[in-house]
Amino acid sequence: MLYIEGEWIESQTGEVIQVVNPATGEVIGSVAKGGGNETEKAIESAKAAFPSWAKLIAKKRYQYLMEVATILRSRADQIASLITKEMGKPLGEAKGEVAMAIDYIDWYAEEGKRIYGDTIPSSSENKRLMVIRQPVGVVGAITPWNFPIAMITRKLAPALAAGCTVVLKPASATPLTAIEVVKAFHEAKVPKGVINLVHGSANDIVDVMMESPVIRKITFTGSTEVGKQLVRKSADTMKKVSMELGGHAPLIVFEDANIDAAVEGAIASKFRNAGQTCVCANRIYVQNSIAEQFSERFAQKINELMVGNGLDSGVTIGPLINERAIEKAEDQIKDAVEKGAKVVVGGERLNEGKFKDGYFYQPTLLTNATHEMKISHEETFGPVAPIFEFETEDEVIEKANNSVYGLASYIFTNDASRIFRVSERLEYGIVGINDPAPTVAQAPFGGVKDSGVGREGGKYGIEDYLEYKYLSLQLDL
Ligand SMILES: NC(=O)C1=CN([C@@H]2O[C@H](COP(=O)(O)OP(=O)(O)OC[C@H]3O[C@@H](n4cnc5c(N)ncnc54)[C@H](O)[C@@H]3O)[C@@H](O)[C@H]2O)C=CC1
Ligand SMILES: O=C(O)[C@H](O)CS(=O)(=O)O
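Residues numbered from 1 in each chain as written. Chains lettered and ligands numbered in written order. Predicted model: local features only at pLDDT ≥ 70, side-chain atom pairs only at ≥ 80, totals over all residues. Heavy atoms only, no water.

### Some points on the overall build of the chain
Counting its secondary structure elements, the chain contains 14 helices and 22 strands. Here the C-alpha atoms of the chain give a radius of gyration of 23 Å, agreeing with the 23 Å that 2.2 N^0.38 yields for 477 residues. With respect to the three principal axes, the spread of C-alpha positions in the chain is 75 × 60 × 40 Å. When burial is assessed residue by residue, the chain has 55% of its 477 residues classed as buried. A separation of at least 24 residues holds for 73% of the contacts in the chain among residues at least 6 apart in sequence. (Helix = DSSP H or I, 4+ residues; strand = E, 2+ residues; numbered from the N terminus. Rg over C-alpha atoms; globule rule 2.2 N^0.38 Å. Buried < 20%, exposed > 50% of the residue type's maximum accessible area, 1.4 Å probe, protein only. Contact = heavy atoms within 4.5 Å.)

### Quick look at the UniProt feature "domain: Aldehyde dehydrogenase" (unreviewed entry) in the chain
Look at the UniProt record and you will see "domain: Aldehyde dehydrogenase" (unreviewed entry) annotated at residues 8–470. Regarding residues 8–470, the helix share stands at 40% and the strand share at 21%, and the terminal C-alpha atoms are separated by 40 Å. (UniProt positions renumbered as here; feature names shortened; annotations may be inferred.)

### Let's talk about the pattern of salt bridges
With the rule as written, the count across this model stands at 26 salt bridges. Note that Glu 393 and Arg 421 form a salt bridge whose closest N and O atoms lie 2.7 Å from each other. In this pair, Glu 393 is assigned in helix α12 (residues 393–401) and Arg 421 in helix α13 (residues 416–425), connecting sequence segments 28 residues apart. A relative accessible area of 13% means that Glu 393 is categorised as buried. Two residues, Lys 399 and Glu 395, come together in a salt bridge whose shortest N-O distance is 2.7 Å. With Lys 399 and Glu 395 both in helix α12 and 4 residues apart, the pair spans about one turn of that helix. A single salt-bridge network, built from bridges that share partners, covers Asp 256, Glu 393, Arg 418 and Arg 421. (Salt bridge = Lys/Arg side-chain N within 4 Å of Asp/Glu carboxyl O.)

### Things to note about the packing of helix α4 (residues 91–111) against helix α5 (residues 150–162)
Between α4 and α5, the shortest axis-to-axis distance is 8 Å and the interhelical angle comes to 10°. When the axis of α4 is compared with that of α5, the two are roughly parallel. Of the residues in α5, those in contact with Glu 97, Met 100, Ala 101, Tyr 104, Ile 105 and Tyr 108 of α4 are Ala 150, Thr 153, Arg 154, Ala 157, Pro 158 and Ala 161. Tallied by class, the residues present in the contact of α4 with α5 amount to 9 nonpolar, 1 polar and 2 charged. (Axes fitted to C-alpha atoms, helices over the stretch in contact; angles between N-to-C directions. Parallel < 35°, antiparallel > 145°, perpendicular 65-115°, else oblique. Nonpolar A, V, L, I, M, F, W, Y, C, P; charged D, E, K, R; others polar.)

### Regarding the site of ligand 2
What surrounds ligand 2 is the set Met 100, Asn 146, Phe 147, Met 151, Arg 154, Arg 272, Thr 277, Cys 278, Val 279, Thr 439 and Phe 445. Here an oxygen atom of ligand 2 sits 3.4 Å away from a polar atom, N or O, in the side chain of Asn 146. At 2.9 Å, a side-chain N or O of Arg 272 approaches an oxygen atom of ligand 2. Contact with the protein chains covers 99% of the free accessible surface of ligand 2, which is 290 Å². The residue inventory of the shell around ligand 2, partitioned by class, reads 6 nonpolar, 3 polar and 2 charged. There are two domains that each give the shell around ligand 2 at least three residues, and those are domain 1 (2–245 + 451–473) and domain 2 (249–440). (Near = heavy atom within 4 Å. Polar contact = N/O pair within 3.5 Å; in protein donor to acceptor, adjacent residues only side chain to side chain. Areas by Shrake-Rupley, 256 points an atom, 1.4 Å probe, with all protein chains shown as cover. Domains from an automatic or database assignment.)

### Brief notes about the UniProt feature "active site" (unreviewed entry) in the chain
Cross-referencing UniProt, the feature "active site" (unreviewed entry) maps to Glu 244 and Cys 278 in the present numbering. Despite a sequence span of 35 residues, these residues sit close together in the fold, their greatest C-alpha distance being 8.8 Å. Position of Glu 244 among the secondary structure elements: in strand β11 (residues 240–244). A residue is classified by how much of its surface remains accessible, and Glu 244, at 3% relative accessible area, is buried. The residues contacting Glu 244, other than those within four sequence positions of it, are Phe 220, Thr 221, Gly 222, Leu 407, Phe 445, Gly 446, Gly 447, Ser 451, Gly 454, Arg 455 and Glu 456.

### Some points on the domain arrangement of the chain
If you check the domain split of the chain, you get domain 1 (2–245 + 451–473) and domain 2 (249–440). Here domain 1 and domain 2 have C-alpha centroids that lie 31 Å from each other. Domain 1 puts 26 residues into the contact, and the matching count from domain 2 is 28 residues. Across the domain 1/domain 2 interface, buried area totals approximately 2,000 Å², and carbon plus sulfur atoms make up 59% of it. Put simply, domain 1 and domain 2 have 0 salt bridges between them. Applying the counting rule to domain 1 against domain 2 returns 8 residue pairs in polar contact (both at pLDDT 80 or more). Counting residues per element, the ones that place at least two in the side of domain 1 that touches domain 2 are α3 (76–87) and α4. With 5 residues, the single largest contributor to the side of domain 1 that touches domain 2 is α3. By residue class, the composition of the side of domain 1 that touches domain 2 is 11 nonpolar, 8 polar and 7 charged. (Buried area = accessible area lost by both parts, 1.4 Å probe.)

### Describing the sheet that holds strand β6 (residues 127–135)
Spatially, β5-β6-β22 is the arrangement adopted by the 3 strands of the open sheet, whose pairing is antiparallel. The strands lining the two open edges of the sheet, one partner per strand, are β5 (118–120) and β22 (466–474). Going from strand to strand, the sheet's axes swing by 25° on average, the running direction of each strand aside. (Pairing = 2+ DSSP bridges.)

### A closer look at the environment of Glu 393
Each C-alpha atom of the pair Glu 393 and Gln 287 lies 8.8 Å from the other, and the pair is 106 residues apart in sequence. Apart from residues no more than four positions distant in its own chain, Glu 393 is found in contact with Phe 254, Arg 418, Arg 421 and Val 422. A distance of 2.8 Å separates the side chain of Glu 393 from the side chain of Arg 418, its partner in a polar contact.

### Overview of the site of ligand 1
Taken together, the neighbourhood of ligand 1 is formed by 27 residues, with Thr 143, Lys 169, Ser 223, Leu 245 and Glu 379 sitting nearest. Between ligand 1 and Lys 169 there is a distance of 2.7 Å, counted from an oxygen atom to a side-chain nitrogen or oxygen. Here Gly 222 contributes a backbone N or O atom positioned 3.2 Å from an oxygen atom of ligand 1. Within the complex, 86% of the 820 Å² of free accessible area of ligand 1 lies under protein. Counting residues per element, the ones that place at least two in the shell around ligand 1 are α7 (202–211), β10 (215–221) and α8 (224–234). At 3 residues, the largest contribution of residues to the shell around ligand 1 is made by α7. When its residues are assigned to classes, the shell around ligand 1 shows 14 nonpolar, 9 polar and 4 charged.

Rendered as structure tokens:
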């Protein structure tokens, strides 16, 4: 179903999008497939709702958002189970994502009450100067399948807290989770038009968004390729943009690191969501003096990972999202082996027995990786871990920075001086220091270079939904 002007509706064409479980190949549902006409209606609905939503006192918006959080919390387990069926991540990870999604709502419900302005000392006796903060207006939000609830609330929560209204286009692979989120807003009695949901062909829907002068901001999470297209199109109507794009994280293990902690960290960063996150380690750099020891222990831990249907207990690696994802992993491994890499663990797709109807791939470890290989610069978005050896700190920083991406990076060391020397030189928006999972609602998430622009999370994430307005008062004082 689409959600426009506070009502659940079918698409005008009657067309539907089928939703397939990537672990079983089963159709688990279908949703109305909207297009340009429905998107125009959604934009008009958001436009009509904007003045009163923006004018609402912050505490009222806070109350709506807190009610949404309460409703989602009451349904957390069933939403987590739906996420696993829609895109495959293990149930434990899906539960963690639902909790993170609610954290963003909790955090921005509060943050919306702290949108302060300024007064500025006047340079004229009869003037008083001030700055107020106002919502940008109607927002277009476009979200990916790999975090089907958290990427939605990470946009909707700050947008609504700031006083904006939204037209949401979720990934076509995970529309059912998006519906569950919008249901919570509907049941919280958020006024009609504040949130609108349109499923369907990305080109049809997003082109209407990009061409509409009513849409004042686009917030997008997804591939760099699509993000760049949207930034180009945004110029025609000078929209604000927030782009959370691709990544290619280096994970650097120095010889003074706690090796077991580094191995655990590499497992957590590389194999979360079967490697389908923009912040997954894509290159694992190990100082050569500990390379053999690290690789042996890392291989042992990878062999302990269990591949299967994310609903089954004990499963730690679910299916990839589709056939294209499998083929990308196969292509990168083939290329790496042709150029001298060694497959130490895995390296095969799983398509027999309980795996036959899904998109399963073995967690894979490659050693002897070099920068001539595709895997050293193309985002993997799959469960493949290449190890690169290095000699010196300067060498590894130069290699780590040699990427078009700049989202997340990780270092494992216990040397305090090295922590700051290396962190300050890494060209990334995020540095996890002995920490493979830095993302939290109160901190800025985002990157540089081809990883995008803008930040989501924390006091920084609401900034992009606000405009500064300067008031200069000439008075008889
Ligand atoms: N930086 C971040 O926080 C994140 C980045 N990503 C990146 O996204 C990619 C994987 O996610 P995907 O969903 O496959 O990305 P994607 O870019 O294919 O899709 C993302 C969203 O954009 C829509 N879309 C696709 N083509 C479009 C087009 N031509 N015009 C307008 N909208 C379009 C999709 O329907 C979906 O809603 C990876 O590169 C990953 O690194 C994914 C999640 C988070
Ligand atoms: O889409 C992603 O990959 C997420 O942004 C990663 S995180 O926020 O869960 O760290």
